[in-house]
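These are the residues of each chain, in order.
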Amino acid sequence: MIATLRSRINGHLSIPGDAGWDLVRAPWLLMVEQQPLAVLDAADADDVAAAVAWADEAGVQVLVQPTGHGAHDAAEGALIVRTGRLDDISVDVEAATVRIGAGVSAGALAAALAGTGLTFLVGSNPHPSATGLTLGGGLSWFGRAFGLGCDSILAADVVDGTGWLRRVDGNTDPELLWALRGGGGDLAIVVALELALHPAPTIHGGQLLWPAEAMADVLRAFRDISAAAPDTFTAWWHALNFPPLPEIPEPLRGGRFTAVVVTHLGGAAELDELLAPLRAVPGTVMDAVGPVPVERVPELAGEPTEPGYFVMRSTLLNHLDDATVDSLISVIGPETQCPLGVVQIRQLGGALARAGAGGCHGPIAEPFVINGVAQLPGPELAPMMHGALAEMIGSVAGASAGRTVMNFIEHGQAAQWWDQASLERLRAVKATTDPRGILRSNRALG
Ligand SMILES: Cc1cc2nc3c(=O)[nH]c(=O)nc-3n(C[C@H](O)[C@H](O)[C@H](O)COP(=O)(O)OP(=O)(O)OC[C@H]3O[C@@H](n4cnc5c(N)ncnc54)[C@H](O)[C@@H]3O)c2cc1C
């Protein structure tokens with residue numbers, strides 16, 4: 001049956017036993033050991049349609065996976081479709097819109113917007129596909145100003161679960177458009193996405209860094225400025241634990257620090273005023289805040305871009321009161337042996353807390369989300385790190401909302417992202433777009 005598929009496509013099809021198979025089948029999140037039936041590097045949208053039509057005939061499931069940043073399970077017996085060659089970007093500056101192929105990375109899209117005075121809802125890492133990032137909600141540096149990335153979806157070219165390639169917009173299929181705005185990748189394979197862009201004529205931002213001893217004071221100052229800041233300003237607090245590796249620059253290597261990374265859609269003077277309470281915390285070892293061109297925004301958080309063995313946990317927080325700060329610091333603070341590489345708290349609120357414009361997700365009323373991440377040399381240490389993550393999440397249990405944003409949901413974690421009525425409506429859409437359940441996503445609608 002693979003021969004039939006091969007005869008219908010122009011892209012490259014890899015199967016077990018091929019040279020380089022282990023590299024081809026691996027996702028960015030190496031912790032997930034994938035054993036698919038085959039991996040298609042699609043040449044174009046027609047390839048995707050042909051592959052899904054073949055899969056529908058053959059009773060094979062299809063998993064679209066541009067990068068594997070959100071890889072979740074073994075994908076056993078499935079056809080993985082990679083979209084890297086669907087890399088067109090067409091920006092309409094006047095209309096403030098962009099059309100992207102499904103393989104365009106967040107970093108490539110940000111680079112294409114250089115000098116336009118516009119931004120998309122860019123996240124913390126340049127490597128994920130802009131399509132995957134956006135379909136999974138798209139929690140951006142600029143979400144407080146402009147909402148979730150999925151709310152900026154204007155239209156999409158999709159291949160549904162029968163292999164039908166078509167355009168979805170407010171006229172052709174308003175129900176599927178509603179579902180794509182926050183429903184994830186379970187409804188159809190998007191081959192091209194049209195997004196509204198947002199004004200960002202001036203961006204300032206950067207990082208402030210202190211030794212770990214300042215962690216509690218910096219966290220409290222971060223919380224306090226978050227409460228009063230305008231929607232143009234976003235801050236992310238970090239506890240950082242740098243490994244003693246040669247590639248880490250000397251002042252940081254093997255050390256523990258606390259940092260706040262910020263962006264502001266506005267001028268330097270306003271930002272200086274907003275940052276004054278943070279800068280009042282003594283001991284700053286770095287203050288690298290200044291103008292940031294839009295193409296550099298995805299690098300601000302300094303996240304890894306190479307594949308690796310990562311473990312993560314996340315929860316939304318209803319508040320960050322003193323008891324929560326004390327409890328968290330008692331588990332991850334400078335006096336502890338906490339092995340986690342990064343604990344991050346992102347400021348939410350603003351437009352994120354208002355209901356999405358025409359999407360299937362509700363507002364994110366919680367003012368913060370906390371993420372813990374560890375990068376390991378291999379899978380063996382995962383149980384120990386999961387223990388450390390559980391301890392970290394346990395320390396904020398009193399403030400936890402018991403859910404997180406869609407893109408941060410770990411496999412097996414209850415979604416609680418849609419209300420029951422929206423979930424049922426999404427399942428009804430899926431029943432029409434994918435009647436035989438050929439499409440599988442990292443966050444299945446169930
Ligand atoms: C280090 C790191 C930082 C991150 N930072 C952020 C952040 O700041 N904000 C944020 O919101 N998220 C963030 N994420 C989560 C990330 O955006 C999601 O995992 C996203 O799904 C990655 O998209 P991808 O296509 O690259 O991943 P993949 O693993 O390749 O795909 C994940 C899922 O996306 C869906 N999908 C992807 N492409 C398509 C398509 N063309 N059609 C239909 N469905 C599709 C599928 O359901 C697929 O299972 C981060 C993840 C990591 C590991």
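Residues numbered from 1 in each chain as written. Predicted model: local features only at pLDDT ≥ 70, side-chain atom pairs only at ≥ 80, totals over all residues. Heavy atoms only, no water.

Asker: When you look at the site of the ligand in this model, what are you seeing that I'm missing?
Answerer: As a matter of local geometry, the ligand sits amid 32 residues, with Thr67, Gly70, Ser124, Ser129 and Leu139 nearest to it. In the environment of the ligand, an oxygen atom lies 2.8 Å from a nitrogen or oxygen atom belonging to the backbone of Gly68. The set of elements that each furnish at least two residues to the shell around the ligand consists of strand 3 (62-64), helix 5 (130-135) and strand 10 (189-196). Considering every element that reaches the shell around the ligand, the biggest residue donor is helix 5, with four residues. (Near = heavy atom within 4 Å. Polar contact = N/O pair within 3.5 Å; in protein donor to acceptor, adjacent residues only side chain to side chain. Helix = DSSP H or I, 4+ residues; strand = E, 2+ residues; numbered from the N terminus.)

Asker: Would you explain the packing of helix 8 (residues 215-228) against helix 9 (residues 268-279) in this entry?
Answerer: The relative placement of two packed helices comes down to the angle between their axes together with the axis-to-axis distance. Running from amino to carboxyl end, helix 8 crosses helix 9 at an angle of 150°, the nearest separation of the two axes being 8 Å. On the basis of the axis angle, helix 8 is roughly antiparallel to helix 9. The hand of the helix 8/helix 9 crossing is right-handed. Residue-level contacts link Val218, Ala221, Phe222 and Ile225 of helix 8 to Leu274, Pro277 and Leu278 of helix 9. (Axes fitted to C-alpha atoms, helices over the stretch in contact; angles between N-to-C directions. Parallel < 35°, antiparallel > 145°, perpendicular 65-115°, else oblique. Left-handed = near helix turned anticlockwise from the far one by under 90°. Contact = heavy atoms within 4.5 Å.)

Asker: Hey, could you run me through the packing of aromatic side chains in this one?
Answerer: As enumerated under the stated definition, the model contains four aromatic pairs in all. Taking 4.9 Å as the distance between ring centres and 5° as the angle between the ring planes, the aromatic pair formed by Trp28 and Phe310 counts as stacked. Linking Trp28 in the loop between helix 2 (21-25) and strand 2 (38-41) with Phe310 in strand 16 (residues 309-317), this pair joins segments that are 282 residues apart in sequence. When sorted by exposure, Trp28 lands in the same class as Phe310, which is buried. Between Phe242 and Phe257, the aromatic rings sit 5.9 Å apart at their centres with planes inclined by 65°, giving edge-to-face as the arrangement. Here Phe242, found in the loop between strand 13 (233-241) and strand 14 (256-264), pairs with Phe257, found in strand 14; they are 15 residues apart in sequence, far enough to count as distant. (Phe/Tyr/Trp six-rings, centres within 6.5 Å; stacked < 30°, edge-to-face > 60°. Buried < 20%, exposed > 50% of the residue type's maximum accessible area, 1.4 Å probe, protein only.)

Asker: Looking at this model, I keep getting lost on the domain arrangement of the protein chain. Mind explaining?
Answerer: Interfaces are often sized by the accessible area lost when the parts come together. In terms of domain boundaries, the protein chain breaks down into domain 1 (2-82), domain 2 (89-199) and domain 3 (204-408). Relative placement of domain 1 and domain 2: their C-alpha centres are 23 Å apart. Residue-level contacts link 13 residues of domain 1 with 13 residues of domain 2. Summing the contributions of domain 1 and of domain 2, the shared interface buries around 1,000 Å²; its carbon and sulfur component is 76%. Taken together, the links from domain 1 to domain 2 amount to zero salt bridges. (Domains from an automatic or database assignment. Buried area = accessible area lost by both parts, 1.4 Å probe. Salt bridge = Lys/Arg side-chain N within 4 Å of Asp/Glu carboxyl O.)

Asker: Looking at this model, I keep getting lost on the sheet that holds strand 4 (residues 79-82). Mind explaining?
Answerer: Whenever strands of a sheet pair, they do so through backbone hydrogen bonds, lying parallel or antiparallel. Spatially, the five strands line up as an open sheet ordered 1-2-4-3-19, and their pairing is mixed. Taken across any chain shown, the strands that pair with only one partner, and hence form the sheet edges, are strand 1 (12-14) and strand 19 (439-440). Of the strand pairs in this sheet, strand 3 and strand 4 are connected by three bridges, and their pairing is parallel. Bridging across to strand 4, Val62 finds its partner in Leu79. (Pairing = 2+ DSSP bridges.)

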